[in-house]
Amino acid sequence: MLAALGFSMVAVFMYLIMSKKLSALVAIMLVPIIFGTLAGFFTELGPMMQEGVESIASTAIMILFAILYFGIMIDSGLFDPLIAKILKIVKGDPLKIVVGTAILSMTVALDGDGTTTYIITVSALLPLYKRLGINRLILATVAMLSMGVMNMTPWGGASAMAMASLGLDASELFIPMIPVMGIGLIWVLTAAFLLGRKERKRLGIIELDSTPQFQSQSTEDSEFAATTLEVDYKRPQLVWFNLLLTITLMASLIIDFMSLTILFMIAFGIALFVNYPNLKDQQERLAAHSKNALAVVSIVIAAGIFTGIMSGTKMIDAMAVTLVSVIPDSFGPFLPVIVAFLSAPFTFFMSNNAFYFGVLPIIAQAAEAYGISAAEIGRASLLGQPVHVLSPLVAAAHLLIGLVGTEFGDLQRFAIKWALGTTTVMTVAAVLFGIISI
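What comes next concerns the included structure. The model shown is predicted, which means the values in this text are computed figures rather than measured ones.

### Observations concerning the overall build of the chain
Helix and strand counts for the chain come out as 21 helices and zero strands. A compact globule built from 438 residues should have a C-alpha radius of gyration of about 22 Å, and the chain, at 22 Å, falls within 12% of that. The burial tally for the chain puts 55% of its 438 residues in the buried class. Within the chain, residue pairs in contact and separated by at least 24 positions form 82% of the contacts whose partners lie at least 6 positions apart. Accessible area of the chain: about 18200 Å², with a carbon and sulfur share of 67%. In the chain, 23 positive and 27 negative side-chain charges are present, and the distance between their average locations comes to 12 Å.

### Thoughts on the environment of Val12
By secondary structure assignment, the location of Val12 is in helix H1 (residues 2-18). Of the residues examined, Val12 reaches a relative accessible area of 31% and is grouped as partly exposed. C-alpha separation for the pair Val12 and Phe35, spaced 23 residues apart in sequence, amounts to 9.9 Å.

### Section: the environment of Phe341
You can see Phe341 is positioned in helix H16 (residues 335-349). On the accessibility criterion, Phe341 (38% relative accessible area) is partly exposed. Expressed as a C-alpha distance, the spacing of Phe341 and Val387, which sit 46 residues apart in the sequence, is 10 Å. Filtering out sequence-adjacent residues up to four positions away, Phe341 remains in contact with Thr424 and Thr427.

### What about the pattern of salt bridges?
Applying the stated criterion across every chain yields a total of five salt bridges. Between Arg285 and Asp75 there is a salt bridge; the shortest N-O distance is 2.8 Å. Residue Arg285 is located in helix H14 (residues 279-312), and its partner Asp75 is located in helix H3 (residues 45-76); the two are separated by 210 residues in the primary sequence. Across the pair, Asp75 and Arg285 agree in class, each one buried. Glu199 serves as the salt-bridge partner of Arg202, at 2.7 Å between the closest nitrogen and oxygen. One end of the pair, Arg202, and the other, Glu199, are both in helix H10 (residues 178-203), three residues apart, so they sit about a helical turn from each other.

### Some remarks on a positive patch on the surface
On the surface, a cluster of positive charge is made up of Lys85, Lys88, Lys91 and Lys96. When you line up the elements, Lys96 lands in helix H5 (residues 94-108).

### Things to note about the nonpolar core
By size, the foremost hydrophobic cluster in this structure holds 145 residues, and its most contacted members are Phe13, Ile63, Tyr69, Phe264, Ile377 and Leu383. Listed in part, the six residues of the second largest apolar core include Phe41, Leu45, Met49 and Ile305.

### Considering the packing of helix H17 (residues 352-367) against helix H18 (residues 374-381)
Running from amino to carboxyl end, H17 crosses H18 at an angle of 135°, the nearest separation of the two axes being 9 Å. It follows that H17 is oblique to H18 by the angle criterion. Crossing of H17 against H18: the hand is right-handed. Between H17, through Phe355, Tyr356, Leu360, Ile363, Ala364 and Ala367, and H18, the contact on the second element is made entirely by Ala374, Ile377 and Ser381. Among the residues making up the contact of H17 with H18, the classes are represented as eight nonpolar, one polar and no charged.

### Here's the deal with the packing of H3 against helix H13 (residues 260-275)
Interaxial distance between H3 and H13 falls to 8 Å at its minimum, and their mutual angle equals 30°. As summarised for this structure, H3 and H13 are arranged roughly parallel, according to the angle between their axes. Remark: the crossing between H3 and H13 carries left-handed chirality. Of H13, the residues touching H3 (which contributes Ser58, Ile61, Met62, Phe65, Ala66, Leu68, Tyr69, Phe70, Ile72, Met73 and Ser76) are Leu260, Thr261, Phe264, Met265, Ala267, Phe268, Ala271, Leu272 and Asn275. Grouping the amino acids of the contact of H3 with H13 by side-chain chemistry returns 16 nonpolar, four polar and no charged.

### As for H18
For H18, a buried count of eight out of eight residues is recorded, marking the element as mostly surrounded by other parts of the structure. Turning to H18, its buried residues are Ala374, Ala375, Glu376, Ile377, Gly378, Arg379, Ala380 and Ser381.

### Description of unusual backbone geometry
The phi angle at Lys314 is positive, at roughly 70°, despite the residue not being glycine. On the secondary structure map, Lys314 appears in the loop between H14 and helix H15 (315-326).

### Focus on the side chain of Gln385
Relative to the helices and strands, Gln385 resides in helix H19 (residues 385-388). Classification of Gln385 by relative accessible area gives buried; the value is 0%. With sequence-adjacent residues up to four places away left out, Gln385 is seen in contact with Gly148, Asn151, Met152, Ala158, Thr347, Asn352 and Tyr356.

### Some words on a nonpolar patch on the surface
A cluster of nonpolar side chains, contributed by Ile61, Phe241, Ile262, Met265, Ile266 and Ile270, occupies part of the molecular surface with about 450 Å² of accessible area. Per element, the largest residue contribution to the nonpolar patch is four residues, and it comes from H13. Within the element layout of this structure, Ile61 appears in helix H3. Residue Ile61 is classed as partly exposed on the basis of its relative accessible area of 36%.

### Some thoughts on the packing of aromatic side chains
The geometry of an aromatic ring pair comes down to the distance between the two centres and the angle between the two planes. If you walk through the whole model with that rule in mind, you get six aromatic pairs. Judged by centre distance (5.2 Å) and plane angle (50°), the ring pair of Phe13 and Phe306 falls under tilted. With Phe13 in helix H1 and Phe306 in helix H14, the pair connects residues that are 293 residues apart, well separated along the chain. Here Phe13 and Phe306 have matching classes, each one buried. The interplanar angle of 65° and the centroid separation of 6.4 Å between the aromatic rings of Tyr69 and Phe264 together place this pair among those described as edge-to-face. Note that Tyr69 is positioned in helix H3 and Phe264 in helix H13, a separation of 195 residues in sequence. You can call Tyr69 buried: its relative accessible area is 0%. Overall, the relative accessible area of 0% leaves Phe264 in the buried class.

The rules we used
Residues numbered from 1 in each chain as written. Predicted model: local features only at pLDDT ≥ 70, side-chain atom pairs only at ≥ 80, totals over all residues. Heavy atoms only, no water. Helix = DSSP H or I, 4+ residues; strand = E, 2+ residues; numbered from the N terminus. Rg over C-alpha atoms; globule rule 2.2 N^0.38 Å. Buried < 20%, exposed > 50% of the residue type's maximum accessible area, 1.4 Å probe, protein only. Contact = heavy atoms within 4.5 Å. Areas by Shrake-Rupley, 256 points an atom, 1.4 Å probe, with all protein chains shown as cover. Lys, Arg positive; Asp, Glu negative; His and termini not counted. Charge placed at Lys NZ, Arg CZ, Asp CG, Glu CD. Salt bridge = Lys/Arg side-chain N within 4 Å of Asp/Glu carboxyl O. Patch = residues over 30% accessible without salt bridge, like charges linked within 9 Å, V, L, I, M, F, W, Y side chains within 5 Å. Core = buried A, V, L, I, M, F, W, Y, C linked by side-chain atoms within 4.5 Å. Axes fitted to C-alpha atoms, helices over the stretch in contact; angles between N-to-C directions. Parallel < 35°, antiparallel > 145°, perpendicular 65-115°, else oblique. Left-handed = near helix turned anticlockwise from the far one by under 90°. Nonpolar A, V, L, I, M, F, W, Y, C, P; charged D, E, K, R; others polar. Phe/Tyr/Trp six-rings, centres within 6.5 Å; stacked < 30°, edge-to-face > 60°.

Distances and angles like these do not, on their own, reveal function.
See the structure below:
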């Protein structure tokens, strides 16, 4: 009975958000309450939900301050020198331009927001692609590959959902994945090199007169300067301070001597005070990033209701028992690798919300029967993100299509093999590093 209700709840939840009958935020709270009531736990739902929300509170706070921190870094102009340097180095060489696209997009993607990554990358480099006649699908593909890897950060969305649904913290899920992400980024650079070399062979190296003349070619290319214009909130004099602060933060995350939540809170406080000591400026910067922060954090907090009810009613246990009974014993030990590859089509055809809150907890519970930890399944589930970012269910992907000026189907056909390559390379690396077992 509980297993049937659990699977029904997941199916209804997935249908409602995939068909856009309800937003993920509403569905993830209301659907489990309804099914928890049908299961006869109405009077016990309050404590279950409270426990679920409390279990992911620290993760939600960490994500909030991570988004705000990287937002401040982008606003202050931390990445502007890198953008200017890339534009200076690449000149008229298609190979250098495509590799520069990869470096820029993976750097900006540190904030975990696809919208920001695509806007900055395309604004800075699209005019060069137009001027030289480089295939715009390459610009979109390389930006998406970078985002697919960087989306695995705890503040990027997928990791946050995996942590929330499985009750893990960043030290269990994310820290072991850092070497795998490094291999993924090397693969992105390799893909960019191969794509760029092909374009160099097709187009040759074109000499550009000068940046100022290039910028004035047409009003159509005015977005070239979008990321380097002097605006009130830029802080070029603090670039070295902000770089040192960010390097210190990243090193502290790897050393893991303090919780990620506290580290990001402290780093954000320092960054906001030093860059914007004026109270009005602080309020403006907070307001500028509040929409993105609220969208991510609210869904993570709301997920506490979903996971609290799933665990408290024992639905997840009943569902796991059912799932184990249909999995051939010979497949059990290979579940992490199976999950790694299945996460690609799962997160392509359904949203991250549906997969990480609806499907992943069931798989993780089933894996325990084979001695496989939830953390290992959680790590494996992240490896399909390079394919997920190609999904039409991802709002930022539609923005990218509009910015680049291409069709979704054309981009998917062009990029899918490179995205699957990223997932494959990272899965092999995860196995070799012992991060997932086989």
